[in-house]
Structure formats: C-alpha cells, structure tokens
Amino acid sequence: MKRRQFLKSSAISAAVYPLISCKSTSLINLKSSTEKTHIISLSFDDGFRKSFLRVAEIHENYGTHACLNVIASGHLPSFQAIDPWILPELMGDFNDWNMLISKGHEVMPHTWEHKDLTKVSLPEAKERLDKCFDYFNENLDGYSHDTAVYNYAFNASTEELDLYALTKVKAIRTGYWVALKDDKITNEFPKANYSEPIRLGCWFHGPDNGDMAIDKGVNEFLASDGGWLIINMHGLDDEGWGPVSTSYYDGLIKRLIKIDNLDLLPVGEVLNKYEV
C-alpha cells in the first residue's frame, strides 16, 4: 500500500488538525505539579541513519532518550526500496543501533522488511513477525521479548495479528483507528499491572513536512485532561515520509521538558516506569 493512499484511507490528513504557525515559542503549559497527567512519546520509524543519529543527539542534549524503531533487514544487501522515501542507501545498521542502545536510547523492531502484514496471508505474516523478532534477539544488545514493543509498517494491523505478536513481545504499536475506541488518538494513561493485551495507537502526519501539524496536535493534547499521545515520525528535514525539521524538533524537545505535568519518554520506558 502506498503511503499516500494509506493516509487518505485512514483519514489522518492535515484537515484533522488544522495547521498553525510553528514559530510559536511556547506550548500550552499545564499547572505546576509533581503528578504526571500527560505522556508524549515521539516515535521514529524505519531506521534512517543520518536522521536517527541526529534525533539521538538532540535528545542527549536535553538529557532525554530517543524512541527509535528500525526495519530488521534494512541494512542487508537483499533490502530493496519500499517507496520514494525508504531507500537502502539511507538505512543504518545494527552497529549504529547498538551504539545508540549503549547511550540509553530505545531501539525497537519495526518489521522484517516493511511489508503491510494485513495484505499477506496469516501464516506468511506470522513467519515475517518471527523472522523480525529472531533477528533482533540475535543482533540487538539487551533485546528482550519481555520488554519489546513491535511497531507495524504503515501502522496497519488486525486484532488477530496483534494477539499473535503479543505472544512474542510485551506490546504492539499500530494505527489509532485499529487499537483505540471512539476515534480517539490518545491512549489511556498507563496503569500498573494492566491485565489486557497492550495494544497502543499512534497518530502521524504526512507526506509533507509535519512541523505545523505536530505543533497543533501537541498543543491540543496538552490542553486536554490527559493521557498518552504517541506521535509517529520518520526522519528529519529531507528524509522519510512526513519529515520534521531539525530546528523544530530541537525546539519541541526543549519546550516539552519544561512542563511539570508531562512525561516525555520512549514507549518502552513508559511501560517500564508505570509498571504496565
């Protein structure tokens, strides 16, 4: 499925979040409190080497960790271009990902080869899932099925696929329209010892630059009663589908870390901190 077609079919266009100027210097602030009411995870997919290293560097500058999800076979000679955005020559490898792991960043699986698993047979989809999980287990330092979060290509999944994946990982991340109810784009605030399968929904913008749409979405979330917003991105500047500018992303992190009621964490760190 082409990314442009997927965007239209899922009705997540800029019309959902009217664009505003990204030149604003402050986000809506929450009341000062030590109690967290809002969580944001800025979740980058695919594995673009230049962008992912820069994203990690930005987070390091502010004492936070990047949330990175990579295609298991993206660095292998067999990997082929998926679309105009995901190109073999742009991808990093597991030497890069292990280096980022050593600095405290989060690296999670984002498919074996970026296939839409809803478009293949269930046995084939399970085989691709297993291949991805096995490769991560063998090649990513510190990887554990007990703490892993699987991030679907195109944010496309089914309940049947999710339930199978959840026998192999702690949680899955998919499109909000798949995992959440009543057209909500935010997940409930995590609860300790949650007994249900952990199916997380995310929101994203593309294929054009996402600075203004993300600024609008973040502000609306911060003005809400709370919850957990997972924003799915891909690359910086000219890399990836729906990229954000380096300057905007740097400014976004700088502003978010000043909000007392907000936790800015990778998805896996949220699950660990709140003992989900």
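Quick notes on the rules
- Within any chain, residue numbers begin from 1 and follow the written order of that chain's sequence.
- Given that this is a predicted model, residues contribute local features only at a pLDDT of at least 70 and side-chain atom pairs are listed and counted only at 80 or more, while totals for whole chains, interfaces and linings are drawn from all residues.
- Side-chain descriptors were evaluated using all non-hydrogen atoms of the structure, hydrogens and water having been removed beforehand.
- Pairs were defined over the aromatic rings of Phe, Tyr and Trp, the Trp ring being its six-membered one, requiring ring centres within 6.5 Å. Orientation was assigned from the angle between planes: stacked under 30 degrees, edge-to-face over 60, tilted for the rest.
- Helix and strand assignments follow DSSP, with helices taken as H or I runs no shorter than four residues and strands as E runs no shorter than two, numbered in order from the N terminus.
- Accessibility here uses a 1.4 Å probe with only protein chains present; expressed as a share of the type maximum, an area under 20% marks a residue as buried, one over 50% as exposed, and anything in between as partly exposed.
- In what follows, salt bridge is the name for a side-chain nitrogen of Lys or Arg lying within 4 Å of a carboxyl oxygen of Asp or Glu.
- Axis definition: a line fit to C-alpha positions, over the contact stretch in the case of helices; interaxial angles, taken between N-to-C directions, run 0 to 180 degrees.
- Just so you know how the angles are binned, under 35 degrees is roughly parallel, over 145 roughly antiparallel, 65 to 115 roughly perpendicular, and the rest oblique.
- Helix crossings are classified by the rotation of the near helix relative to the far one: an anticlockwise turn of less than a right angle makes the crossing left-handed, while a clockwise turn makes it right-handed.
- Two residues qualify as a contact provided that any one of their heavy atoms is within 4.5 Å of a heavy atom in the partner residue.
- All amino acids are sorted into three groups, where Ala, Val, Leu, Ile, Met, Phe, Trp, Tyr, Cys and Pro are nonpolar, Asp, Glu, Lys and Arg are charged, and the leftover types, Gly among them, are polar.

1. Here we look at the packing of aromatic side chains
For step 1, the next point in the chain: Scanning the entire structure with this criterion turns up 13 aromatic pairs.
For step 2, the next point in the chain: With 5.4 Å between their ring centres and 70 degrees between their planes, F94 and Y135 make a pair best called edge-to-face. Of this pair, F94 sits in helix α3 (residues 94-102) while Y135 is found in helix α4 (residues 122-139), placing the two residues 41 residues apart along the sequence. Accessibility assignment for this pair places F94 and Y135 in one class, buried.
For step 3, the next point in the chain: Considering the side-chain rings of W112 and Y135, the 5.6 Å spacing of their centres and the 65 degrees angle between planes classify their relative orientation as edge-to-face. Residue W112 is found in the loop between β3 (106-109) and α4, and its partner Y135 is found in helix α4; the two are separated by 23 residues along the sequence. For the residue pair W112 and Y135, the accessibility class agrees, reading buried in each case.
For step 4, the next point in the chain: In textbook terms, an aromatic cluster arises when at least three aromatic residues are bridged by ring pairs, as seen for F94, W112, Y135, F136 and Y143.

2. Re the pattern of salt bridges
For step 1, the next point in the chain: One pass over the structure, following the stated rule, counts 11 salt bridges.
For step 2, the next point in the chain: Among the salt bridges present, the one from R54 reaches E57, with a minimum N-O distance of 3.0 Å. One end of the pair, R54, and the other, E57, are both in helix α2 (residues 49-61), three residues apart, so they sit about a helical turn from each other.
For step 3, the next point in the chain: In this structure, R199 engages D162 in a salt bridge whose closest nitrogen and oxygen atoms are separated by 2.7 Å. A residue pair is termed long-range when its members are at least 10 positions apart, and R199 in strand β6 (residues 198-204) and D162 in helix α5 (residues 159-165) qualify at 37 residues.
For step 4, the next point in the chain: Since its relative accessible area comes to 21%, R199 is described here as partly exposed.
For step 5, the next point in the chain: Within the structure, one salt-bridge network assembled from shared partners comprises E113, E124 and R128.

3. Digging into the packing of α2 against helix α8 (residues 246-256)
For step 1, the next point in the chain: Two elements in contact, α2 and α8, have axes separated by 10 Å at closest approach and are oriented at 30 degrees. Considering their axes alone, α2 and α8 lie roughly parallel with respect to each other. In terms of crossing hand, the pair formed by α2 and α8 is right-handed. Contacts from R54, V55, I58 and H59 of α2 reach α8 at T246, Y249, D250 and I253.
For step 2, the next point in the chain: Tallied by class, residues from the contact of α2 with α8 come to four nonpolar, two polar and two charged.

By themselves, these are just geometric observations and shouldn't be taken as functional.
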